Amino acid sequence: NAGVMQNPRHLVRRRGQEARLRCSPMKGHSHVYWYRQLPEEGLKFMVYLQKENIIDESGMPKERFSAEFPKEGPSILRIQQVVRGDSAAYFCASSLNPSGTQETQYFGPGTRLLVL
Amino acid sequence: AQRVTQPEKLLSVFKGAPVELKCNYSYSGSPELFWYVQYSRQRLQLLLRHISRESIKGFTADLNKGETSFHLKKPFAQEEDSAMYYCALAWTSYGKLTFGQGTILTVHP
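Residues numbered from 1 in each chain as written. Chains lettered and ligands numbered in written order. Predicted model: local features only at pLDDT ≥ 70, side-chain atom pairs only at ≥ 80, totals over all residues. Heavy atoms only, no water.

Trainee: Which residues make up the packing of aromatic side chains, and what values do they have?
Mentor: Under the definition given, this model contains 10 aromatic pairs over all chains. Considering the side-chain rings of F34 of chain B and Y36 of chain B, the 6.3 Å spacing of their centres and the 40° angle between planes classify their relative orientation as tilted. The pair formed by F34 of chain B and Y36 of chain B is uniform in burial state, with each residue classed as buried. Among the aromatic residues, ring-to-ring pairing joins Y35, F45 and F107 of chain A together with F34, Y36, Y86 and F99 of chain B into one connected group. (Phe/Tyr/Trp six-rings, centres within 6.5 Å; stacked < 30°, edge-to-face > 60°. Buried < 20%, exposed > 50% of the residue type's maximum accessible area, 1.4 Å probe, protein only.)

Okay, structure coming up:
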């Protein structure tokens, strides 16, 4: 099992451009979480998705950010009209069946977004 | 609101010395607590969870509800323990995690 895959690993955008971050969960996992790590801070929850459903997006900024997890293909975190404050590491995690709080989340290597 | 605090950003010890990474939490319900570790150039991975009461790589962590703490301990640190350590709290039925700020542990030879 290749583990959680994220691409690109590094992404440079200019202010106003769009950023698309992709996450392929571990084989058999249908639950995806996105976390953001700003410089000098810990990881902060953004959104939790199941296939074709957003379950909890309480950590997503209200504007410019969106996420999806289609029936086929990877989960995508999309940031429109990026600003310098969006520069961060974005981590994706997947789990098999989070029926309880003890289900392990497996993390991807992260995407480092730099906005110039 | 739930919160996880790791008061030490950096922690340095010598090989063979005991090490304790501190973690305090704030949560009104029954907490589920974890320690995650990130070694250099590797991805974040689960080290241990409190409900398992296990010892992984010589590390243990005991949940102290009275002090709202979940400190990570190892009696004899090894150089390969050098890494970033995150304490995390899960507080929903689907395991949404709240992380502390992380502690960078450096074990000197």
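Trainee: Give a description of unusual backbone geometry that names residues and reports values.
Mentor: Residues and elements named next belong to chain A. In this structure, the amide linkage connecting N7 to the following residue, P8, adopts the cis form with an omega of -5°. Tracing the backbone shows P8 in the loop between β1 (5-7) and β2 (10-13). Even without a glycine there, the phi angle at Q81 is positive, about 45°. (Helix = DSSP H or I, 4+ residues; strand = E, 2+ residues; numbered from the N terminus.)

Trainee: How would you summarise the state of the cysteines if you had to cite specific residues and measurements?
Mentor: All names here are of chain A. The full count for this structure, using the stated rule, is 2 disulfides over all chains. Here C23 is linked by a disulfide to C92, with a sulfur-sulfur distance of 1.7 Å. When the S-S torsion is -50°, as for the bridge of C23 with C92, the disulfide is left-handed. Taken together, the residues C23 in strand β3 (residues 19-24) and C92 in strand β9 (residues 88-95) connect sequence positions 69 residues apart. On the accessibility criterion, C92 (0% relative accessible area) is buried. (Disulfide = S-S within 2.5 Å.)

Trainee: Report on the environment of M46 of chain A, specifying residues and quantitative values.
Mentor: Following the sequence through the fold, M46 of chain A ends up in strand β5 (residues 43-50). When neighbours within four sequence positions are excluded, M46 of chain A is seen to be in contact with W34, Y35, R36, D56, E57, S58, G59, M60, P61, F65, L77 and Y90 of chain A. (Contact = heavy atoms within 4.5 Å.)

Trainee: Could you give me a rundown of the sheet that holds strand β3 (residues 19-21) of chain B, with the residues and numbers involved?
Mentor: All names here are of chain B. In spatial order, the strands read β3-β8-β7; together these 3 strands make up an open sheet with antiparallel pairing. Strands with a single pairing partner mark the edges of an open sheet, and in this sheet they are β3 and β7 (60-61). Relative to strand β8 (residues 72-74), β7 runs antiparallel, the two being bridged by 2 bridges. The partner of A61 across the bridge, within β8, is L72. (Pairing = 2+ DSSP bridges.)

Trainee: Explain the interface of chain B and chain A to me, and be specific about the residues and the numbers.
Mentor: Tallying the contact residues gives 22 residues for chain B and 25 residues for chain A. Counting each side, the surface lost to burial between chain B and chain A is near 1,900 Å², with a carbon and sulfur contribution of 49%. At the boundary of chain B and chain A, one finds 2 salt bridges. The closest approach of N and O atoms between K96 of chain B and D56 of chain A, which form a salt bridge, is 2.9 Å. (Buried area = accessible area lost by both parts, 1.4 Å probe. Salt bridge = Lys/Arg side-chain N within 4 Å of Asp/Glu carboxyl O.)

Trainee: Would you mind going over the environment of Q101 of chain B in detail, with residue names and values included?
Mentor: By the element assignment, Q101 of chain B lies in the loop between β10 (97-99) and β11 (103-108). For Q101 of chain B and R49 of chain B, which are 52 residues apart along the polypeptide, the C-alpha to C-alpha distance reads 18 Å. Not counting chain neighbours up to four residues away, the residues in contact with Q101 of chain B comprise E41 and G42 of chain A together with V4, T5, Q6 and Y86 of chain B.

Trainee: How would you summarise the sheet that holds strand β8 (residues 75-79) of chain A if you had to cite specific residues and measurements?
Mentor: Residue and element names in this part refer to chain A. Pairing within the open sheet is antiparallel, and its 4 strands lie in the order β1-β3-β8-β7. Both outer strands of the open sheet, β1 and β7 (65-68), are each paired with one neighbouring strand and no more. Averaged over neighbouring strand pairs, the angle between their axes works out to 15° when direction is ignored. Here β1 runs beside β3; their pairing, made up of 3 bridges, is antiparallel. From the neighbouring strand, M5 faces β3, where its bridge partner is S24. (Axes fitted to C-alpha atoms, helices over the stretch in contact; angles between N-to-C directions.)

Trainee: Summarise the nonpolar core; cite the residues concerned and give the values.
Mentor: Within the largest apolar cluster, 24 residues are counted, with the highest numbers of intra-cluster contacts made by W35, L72 and Y85 of chain B. The leading source of residues in this core is strand β9 (residues 83-90) of chain B, at 4 residues. The residues touching L72 of chain B, leaving out its near neighbours within four places in the chain, are V19, E20, L21, W35, L47, L48, F59, T60, A61 and Y85 of chain B. Counting 23 residues, the second largest nonpolar core, distinct from the first, contains V32, M46, V82 and V115 of chain A. (Core = buried A, V, L, I, M, F, W, Y, C linked by side-chain atoms within 4.5 Å.)

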